[in-house]
Amino acid sequence: MSLDSARQRQLEALYDRYAELLDDGPLEDWPALFEEECDYRVIPRDNHDQGLPMAIIRCESRGMLMDRVRSVQETIMHEPRYLRHQITNIRGTGRADGGIDAVAHYLVVEVLPDRLPQILSVGRYLSRVVEDGGDLRFAGMRVVYDSVLVPNSIVYPL
Amino acid sequence: MENKPAVTWPTNGVDQVPYGIYTDPALFEQEMHRIFEGDGWAYVGLEAEIPEAGDYLVTLIGRRSVVIARDQQGDIHGFVNRCAHRGVKLCRQNRGNTRFFVCPYHQWSYDAQGNLRGVPFIKGVKGKGGMPEDFERAEHNLPKLAITRQNGVIFASFAAEPPAFEAYLGETNFRYFNRVFDGRPLQLLGYSRQLIPGNWKLMFENIKDPYHASLLHVFLVTFGLFRADQDSQVQMDDSGAHALLISRRGEQKKSDATTDMANLREDFELQDRRLLDPVKEFPDDATVVMQTIWPNLIVQQQSNTLALRQIRPRHAGAFELAWTFFGYADDDEEMTRRRLRQGNLMSAAGLVSADDSEVIKLAQDGISEYPDHTGVVQMGGRGTENENHMVTETAVRAFYAHYRKVMGL
Ligand SMILES: [Fe+2]
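Here's a quick rundown of the structure. None of the values given here were measured: they were computed from a predicted structure.

## Here's the deal with the overall build of chain B
Line of reasoning, step 1. Within chain B, the secondary structure is distributed over ten helices and 19 strands.
Line of reasoning, step 2. Taken along its principal axes, the extent of the C-alpha atoms in chain B is 85 × 55 × 35 Å.
Line of reasoning, step 3. Of all 409 residues assigned to chain B, the portion counted as buried reaches 57%.
Line of reasoning, step 4. Counting contacts in chain B only where the partners sit at least 6 residues apart, residues at least 24 apart contribute 65% of the total.
Line of reasoning, step 5. For chain B, the computed accessible surface area is about 17200 Å², with 46% contributed by carbon and sulfur atoms.

Structure representation (structure tokens):
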């Protein structure tokens, strides 16, 4: 069941906020876009297509998303970088339980010190979105990236 | 004519390393021949990746693409991924199942042993064309690799007569290899690959260097997974080519060993403790064993995350790190979930391993601007002996003792 235009706009606003928080912060507000019980995975397309479960980031709760955020901010030694998300082709389908199955395309460009911008990752967001207290939130998201090979390290969530 | 490397070693020892070995393109070409096509056994895959007759995988030894295939009898063979006719890459996918490998160009076909089985129009068409009278199919089989299998792990070699695998690893390294690969069938969990802008040897150095682990890896130390004050060993084989770092977990608190680490996060408590929920699974009390096997493999057991990391050099300034994550076929669901969760620490986005890929880039950045200078490798002395502590670079020195011999440097 396709979404009515108000719902579609609400879904797009969720992704806008998602990109804004990851790219410009505050990063610690990003986990609030997810349900307390959630499932966020960044997984190479090779694994996804073959049914192999290994994800390079796997968070099974909002708390685990917070743990990732805090590690990025305080424990992982990394070069400073800017990320810029482009999220397009957002399509939502209504579920019988009132939630939404959503597919979107993404492109993340990374800027490292003294380097030209490079494509860090390209792929799809396969999400399940629910309404919670009037807001839409992600109950689950698979970030399926098309190239199994990534340029050096993925530090921030995609 | 081959370009001559412009690198000389500054001393007779291995406590100093010339930076040219990370940057010189001619030396890199020599390394590919002498090290990756030399006498050693290179890791190429797991049997669990090609369980059925006809299954194959494509991987790299150094920069050479090779096919590892299981034939109809269940035997495993290795051959170069390059048609004997015009040099075209035979396999365009990294995994698959086939009876015959058919070149897309002129459809020469090879069996799972790499033997040439079919050449279209070999006798010509209507009496015209065709291969010369003296063309022998058997003379155009694909160059083959030696293959050895050790408890589910496949190694290959370009050498005509490589040593027995057990003798190659040496007694201690062989014993520890069989600690993780104990004969139980393995379960493939997936892959992750990174292109790291650094010289391939920096990856080996990193895993052979326990000195950095308690300093760089704030996450590891904060949660007590690796600390300089724990009972530990660094053990090499006689050649110095292979090494083991063996250690134990400690606690999340300050001690002598952490006072040198200014940024320990003593107040960092996980909001979801399931992220770190290690259980003992090996008979001994080591909780981390990192093994480096010349010329291209790291075997990782950190708590319950098990992975093979294959080093695939690209050029002097870059290598690919190809991870294969696995567990055991008899793992219950809970154990598999635990391994997958702990995978957050060790992957292309690892809370721990990202420190290493990031620092390797910075090392290459620094070195490549000053290739005529020399690095110091003197923590724990100048020798290459086994040690029972973590404050040492002995395994890095042992690696370079072997490297100098192989490279004639
Ligand atoms: Fe490290």
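## Focus: helix H3 (residues 171–180) of chain B
Line of reasoning, step 1. Among the ten residues that make up H3(B), seven are buried, leaving the element largely enclosed by the rest of the structure.
Line of reasoning, step 2. Buried within H3(B) are the following residues: Thr172(B), Asn173(B), Phe174(B), Tyr176(B), Phe177(B), Arg179(B) and Val180(B).

## What to know about the coordination of the iron ion
Residues and elements named next belong to chain B.
Line of reasoning, step 1. The iron ion binds to the protein through His-212 (NE2), His-217 (NE2), Asp-356 (OD) and Asp-356 (OD), with metal-donor distances spanning 2.0 to 2.4 Å.
Line of reasoning, step 2. Taken together, the four donor atoms coordinating the iron ion and their angles of 55 to 144° define a geometry best described as irregular.
Line of reasoning, step 3. For His-217, a relative accessible area of 3% translates into the label buried.

## A closer look at the state of the cysteines
Residues and elements named next belong to chain B.
Line of reasoning, step 1. As enumerated under the stated definition, the model contains zero disulfides over all chains in all.
Line of reasoning, step 2. Looking at the unpaired Cys-83, the closest cysteine sulfur is the one in Cys-103, lying at 3.9 Å.
Line of reasoning, step 3. The exposure class assigned to Cys-83 is buried, which follows from its relative accessible area of 2%.

## Thoughts on the side chain of Arg397(B)
Line of reasoning, step 1. Summarising the element assignment, Arg397(B) is placed in helix H10 (residues 394–407).
Line of reasoning, step 2. In this structure Arg397(B) touches Val14(B), Asp15(B), Val377(B), Gln378(B), Met379(B), Gly380(B), Gly381(B), Arg382(B), Gly383(B), Thr384(B) and Thr392(B), once residues within four positions along its chain are discounted.

## Quick word on empty space enclosed by the protein
Residues and elements named next belong to chain B.
Line of reasoning, step 1. One pass over the full model with this rule turns up four cavities of 30 Å³ or more.
Line of reasoning, step 2. When its volume is computed, the largest cavity comes out at roughly 160 Å³.
Line of reasoning, step 3. Lining the largest cavity are 17 residues, with Ile-207, His-212, Ala-213, His-217 and Met-290 positioned closest to its centre.
Line of reasoning, step 4. Among the secondary structure elements, those contributing two or more residues to the lining of the largest cavity are helix H4 (200–207), helix H5 (210–216) and strand E15 (288–293).
Line of reasoning, step 5. Tallying contributions element by element places H5 first for the lining of the largest cavity, with three residues.
Line of reasoning, step 6. Considered class by class, the residues forming the lining of the largest cavity number ten nonpolar, four polar and three charged.

## Here we look at the nonpolar core
Line of reasoning, step 1. Grouped together as the largest cluster of nonpolar side chains are 139 residues, with contacts concentrated most on Tyr15(A), Tyr18(A), Trp30(A), Phe34(A), Tyr40(A), Trp200(B) and Tyr400(B).
Line of reasoning, step 2. Look past the residues within four positions of Trp30(A) in its chain and what remains in contact with it is Tyr18(A), Leu21(A), Leu22(A), Tyr40(A), Leu65(A), Val69(A) and Pro157(A).
Line of reasoning, step 3. Ranked by size, the runner-up nonpolar core spans 17 residues in total, among them Val67(B), Trp108(B), Val119(B) and Phe135(B).

## Overview of the sheet that holds strand E16 (residues 297–302) of chain B
Line of reasoning, step 1. Pairing is mixed across the open sheet formed by eight strands, whose spatial order is E7(A)-E12(B)-E18(B)-E17(B)-E16(B)-E15(B)-E14(B)-E13(B). If you trace the sheet from one side to the other, it starts and ends with strand E7 (149–151) of chain A together with strand E13 (233–236) of chain B, each paired once. The mean angle between the axes of side-by-side strands here comes to 20°, regardless of whether they run parallel or antiparallel.
Line of reasoning, step 2. In this structure, E13(B) lies alongside strand E14 (residues 243–247) of chain B, joined through four bridges in antiparallel fashion. Pairing of Gln235(B) across the sheet is with Leu244(B), part of E14(B).
Line of reasoning, step 3. Of the strands in this sheet, strand E12 (186–196), E16, strand E17 (305–315) and strand E18 (318–328) of chain B are in contact with helix H8 (residues 333–342) of chain B, which crosses E12(B) at around 5°.

## Observations concerning the interface of chain B and chain A
Line of reasoning, step 1. Facing 43 residues of chain B, the contacting portion of chain A comprises 36 residues.
Line of reasoning, step 2. Carbon and sulfur atoms supply 54% of the area buried between chain B and chain A, which totals about 3700 Å² over both sides.
Line of reasoning, step 3. Counting across the interface, chain B meets chain A through eight salt bridges.
Line of reasoning, step 4. Note that Arg274(B) is salt-bridged to Glu60(A), the shortest N-O span being 3.8 Å.
Line of reasoning, step 5. One can count 27 residue pairs in polar contact (both at pLDDT 80 or more) joining chain B with chain A.
Line of reasoning, step 6. Secondary structure elements with two or more residues in the side of chain B that touches chain A: E12, helix H6 (218–222), E18, H8 and helix H9 (353–369) of chain B.
Line of reasoning, step 7. Of the residues assigned to the side of chain B that touches chain A, the class counts are 20 nonpolar, eight polar and 15 charged.
Line of reasoning, step 8. Of the pairings in the sheet, the one linking E7(A) to E12(B) comprises three bridges and is parallel in character. Paired with Val150(A) across the bridge in E12(B) is Gln194(B).

## Details of the environment of Gly381(B)
Residues and elements named next belong to chain B.
Line of reasoning, step 1. Along the polypeptide, Gly-381 turns up in the loop between strand E19 (374–376) and H10.
Line of reasoning, step 2. Among the residues examined, Gly-381 registers a relative accessible area of 30% and is labelled partly exposed.
Line of reasoning, step 3. Separated by 16 residues in the primary sequence, Gly-381 and Arg-397 have C-alpha atoms spaced 9.8 Å apart.

## Let's talk about the packing of H4(B) against H10(B)
Residues and elements named next belong to chain B.
Line of reasoning, step 1. Packing of H4 against H10 brings their axes to within 9 Å, and their N-to-C directions diverge by 140°. Comparing the axis directions of H4 and H10 gives the class oblique. Counting all contacts with H4, which are made through Trp-200, Lys-201, Phe-204 and Glu-205, the residues of H10 involved are Val-396, Phe-399, Tyr-400 and Tyr-403.
Line of reasoning, step 2. A class-by-class count of the residues in the contact of H4 with H10 yields six nonpolar, no polar and two charged.

Conventions we followed
Residues numbered from 1 in each chain as written. Chains lettered and ligands numbered in written order. Predicted model: local features only at pLDDT ≥ 70, side-chain atom pairs only at ≥ 80, totals over all residues. Heavy atoms only, no water. Helix = DSSP H or I, 4+ residues; strand = E, 2+ residues; numbered from the N terminus. Buried < 20%, exposed > 50% of the residue type's maximum accessible area, 1.4 Å probe, protein only. Contact = heavy atoms within 4.5 Å. Areas by Shrake-Rupley, 256 points an atom, 1.4 Å probe, with all protein chains shown as cover. Donors = N, O, S within 2.8 Å, 3.2 Å for Na, K, Ca; no water. Tetrahedral: all angles 85-135°; square planar, octahedral: opposite > 155°, others 65-115°. Disulfide = S-S within 2.5 Å. 1 Å grid on protein atoms, 1.4 Å probe; cavity = no way out; pocket = protein on both sides within 12 Å on 5 of 7 lines; lining within 4 Å. Points joined across faces, edges and corners; volume = space filled by probe spheres on them. Nonpolar A, V, L, I, M, F, W, Y, C, P; charged D, E, K, R; others polar. Core = buried A, V, L, I, M, F, W, Y, C linked by side-chain atoms within 4.5 Å. Pairing = 2+ DSSP bridges. Axes fitted to C-alpha atoms, helices over the stretch in contact; angles between N-to-C directions. Buried area = accessible area lost by both parts, 1.4 Å probe. Salt bridge = Lys/Arg side-chain N within 4 Å of Asp/Glu carboxyl O. Polar contact = N/O pair within 3.5 Å; in protein donor to acceptor, adjacent residues only side chain to side chain. Parallel < 35°, antiparallel > 145°, perpendicular 65-115°, else oblique.

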